[in-house]
Amino acid sequence: MREALAKAEYTTATPVQAALIPLALAGKDVLGQARTGTGKTAAFGIPLLEMIDARATSSPQALVLVPTRELAVQVRDECQKLGQGKKTKVIAVYGGKPIRKQIDQLQRGAHLVVGTPGRVIDLIGRGILILDGLTHVVLDEADRMLDIGFRPDIEKILRQCPTQRQTLLLSATVPPPVERLAQRYMQNPESLDCSSKEISGDTIEQFYFTVDQDRKAGLLLRLLEREKPEQAIVFCRTKAGTDRTFRRLEKKIGSVGCIHGDLPQTTLDRVMKSFRAKELKILVATDVVGRGIDVTGVSHIVNNDIPSFCDDYVHRVGRTGRMGREGVAYTFVTPEEGAELTRIEMRINRVLKRAEIEGYEATKPIIPPEEKKPEDAPKKGPGARTRRIRRAL
């Protein structure tokens, strides 16, 4: 393990690693709160690899559940890197790829399985993934797994795991559903909070723009031209919005990639590989897929749409300023979304600074009533009622 850590150039433990590794090695259940980008994968991966018996070739000894295919691949790669000296077999199982290959890998033997809940359930149902030999279970990004509806699958999997096991639950936030999951399926867990000072970390500058919806595209282009980011992720709320933003940016500046849940896995893998290799400068993503992005070179985050939930803001911003690097995040807020901005500021206990682009009007100027011209007045006529109805809808 020391040789593997040296090759990976891991010289100093991050706070979550220093706190979690000793507890995990002592066999304790741990409920740990830490945002992505703080070395969380190595924090549970190192003790797992130390406790796994690489000489055994029967059923898996450890199972790591993650919310997305992208995160499954990243966790597998990290564990393979750290476990190469012990010849530990680590495989990832997830949807979007043919199940036959994953079945073949499992039948050849695996010590540690990393998977998304849906595919894990499928393999259990086929009698391919046997959980009888599990001694360790990890729930990574637990809050996101619950957010996207994996609670029934997670509980079904945990009920089939041996009761005498170690369970590690890692989450960027610990809302009540995560607490209930811990109370039901963990045994006297030790609680760690390594995120309280990191939600709005000092290494991340955070700003907001007030912008009209129809002026976001122009603002985004001007912002990227001004900032010239090393690498940036632009978050959108919907898949359609992600596609539109991607097409505009690709046409204007190039070196842009796009990921969302409707794209084939081969496309997602290709785009992420290019982004990690810094062949792409900008990545446009939705929340569900974006949550699995673990790239240390991201210098800028742009929330093209303000997130629906406060915790999503925490996760988005956590894509930059990783491992102590500096980063900056910008959030586009329409005039009607002031309440959402306030909720985010209350959540992170920090007031975002207002930003402007010199020479760019992000909102339509307000015309005082006394200066309005006759042509500014609402038009009457046969279409007036239709326009009112459309506006109401």
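Rules used in this analysis
Positions within a chain are numbered from 1, following the residues in the order the chain's sequence is written. Where totals are concerned, whole chains, interfaces and linings use all residues; where local detail is concerned, this predicted model gives features only for residues with pLDDT of at least 70, and gives and counts side-chain atom pairs only at 80 or more. The side-chain numbers reported here are obtained from all heavy atoms of the structure, hydrogens and water having been left aside. Think of a salt bridge as a Lys or Arg side-chain nitrogen and an Asp or Glu carboxyl oxygen that are within 4 Å of each other. Under the scheme used here, helices are H or I runs from DSSP no shorter than 4 residues and strands are E runs no shorter than 2 residues, and both carry numbers assigned from the N terminus. In this scheme, a residue with accessible area under 20% of its type's maximum is buried, one over 50% is exposed, and one in between is partly exposed, where area comes from a 1.4 Å probe on protein chains only. What a helix is expected to span follows from its residue count: subtract one and scale by 1.5 Å. Between any two strands, at least two bridges found by DSSP are needed for them to pair. Angles shown run from 0 to 180 degrees and are taken between the N-to-C directions of axes, each axis being a line fitted to C-alpha atoms and, for helices, limited to the stretch in contact. Residue-level confidence of the predictor, termed pLDDT, takes values from 0 up to 100. For this analysis, residues touch if any pair of their heavy atoms sits within 4.5 Å. Nonpolar cores were defined as sets of buried Ala, Val, Leu, Ile, Met, Phe, Trp, Tyr and Cys residues, with membership established by side-chain atoms within 4.5 Å. To sort the angles, those under 35 degrees are grouped as roughly parallel, those over 145 as roughly antiparallel, those from 65 to 115 as roughly perpendicular, and the leftovers as oblique. Should the near helix be turned anticlockwise from the far one by less than a right angle, the crossing is left-handed, and should it be turned clockwise, the crossing is right-handed. Nitrogen and oxygen atoms within 3.5 Å of one another constitute a polar contact, given that in protein one can donate a hydrogen and the other can accept it, and given that sequence-neighbouring residues count only through two side-chain atoms.

1. Here we look at the pattern of salt bridges
Step number 1: Applying the stated rule across the entire model yields 20 salt bridges.
Step number 2: Here Lys40 ties to Glu141 by a salt bridge, and the two come within 4.0 Å at their closest N and O atoms. One end of the pair, Lys40, is in helix H3 (residues 40–51); the other, Glu141, is in the loop between strand E5 (136–139) and helix H7 (142–147), and 101 residues separate them in sequence. Here Lys40 matches Glu141 in class, with each residue buried.

2. Digging into H3
Step number 1: Over its twelve residues, H3 extends 17 Å from the first C-alpha to the last, a length consistent with the 16 Å expected when each residue adds 1.5 Å.
Step number 2: In terms of burial, H3 is largely enclosed, as ten of its twelve residues are buried.
Step number 3: Turning to H3, its buried residues are Lys40, Thr41, Ala42, Ala43, Phe44, Gly45, Ile46, Pro47, Leu48 and Leu49.

3. So, the sheet that holds E5
Step number 1: An order of E3-E4-E2-E5-E6-E1-E7 is seen for the seven strands of this open sheet, with the pairing classed as parallel. Only two strands of the sheet have a single partner each, and these edge strands are strand E3 (90–93) and strand E7 (190–193). Along the sheet, successive strands turn relative to each other by an average axial angle of 15°, direction set aside.
Step number 2: Relative to strand E4 (residues 112–115), strand E2 (residues 62–65) runs parallel, the two sharing four bridges. Each bridged residue has a counterpart across the sheet, and for Leu65 the counterpart in E4 is Gly115.

4. Regarding the confidence of the model for the protein chain
Step number 1: Here the protein chain shows a mean pLDDT of 86. Residues at 70 or above account for 87%.
Step number 2: Between residues 197–201, whose pLDDT stays under 50, and residues either more than four places distant or in other chains, the model counts nine contacts.
Step number 3: Per-residue pLDDT stays below 50 along residues 378–393; that stretch engages in two contacts with residues further than four places along the chain or on separate chains.

5. So, the nonpolar core
Step number 1: By size, the foremost hydrophobic cluster in this structure holds 33 residues, and its most contacted members are Leu139, Ile157 and Leu169.
Step number 2: Elements represented by at least two residues in this core include exactly E2, E3, helix H5 (99–107), helix H6 (117–125), E5, H7, helix H8 (151–160) and helix H9 (176–185).
Step number 3: Here Leu169 is in contact with Val30, Leu31, Gly32, Leu139, Ala142, Val178, Leu181, Ala182 and Met186, once residues within four sequence places are set aside.
Step number 4: Leu23, Phe44, Ala62 and Val90 belong to the second-largest nonpolar core, a separate cluster that totals 28 residues.

6. A short note on the packing of H3 against helix H4 (residues 69–83)
Angle between the axes and distance between the axes are the two parameters that describe a pair of packed helices.
Step number 1: In the contact formed by H3 and H4, the axes pass within 10 Å of each other and the chain directions differ by 50°. One element, H3, and the other, H4, form an angle in the oblique class. Remark: the crossing between H3 and H4 carries right-handed chirality. Counting all contacts with H3, which are made through Thr41, Ala42, Phe44, Gly45, Ile46 and Leu49, the residues of H4 involved are Val75, Glu78, Cys79, Leu82 and Gly83.

7. Some details on the side chain of Asp287
Step number 1: Considering the arrangement of structural elements, one finds Asp287 in helix H13 (residues 287–290).
Step number 2: Judged by its relative accessible area of 15%, Asp287 is buried.
Step number 3: Side-chain polar atoms of Asp287 contact the side chain of Arg316, separated by 2.7 Å.
Step number 4: The residues touching Asp287, leaving out its near neighbours within four places in the chain, are Arg144, Phe235, Cys236, Asp312 and Arg316.

8. Brief notes about the pairing of strand E13 (residues 327–333)
Step number 1: Extensive coverage of E13 is indicated by the burial of seven of its seven residues.
Step number 2: Of the two faces of E13, the one holding Gly327, Ala329, Thr331 and Val333 and the one holding Val328, Tyr330 and Phe332 are both buried throughout.
Step number 3: Sheet topology note: the strand E8 (residues 204–210)/E13 ladder contains seven bridges and is parallel. Looking across to E13, one finds that Ile204 is bridged to Gly327.

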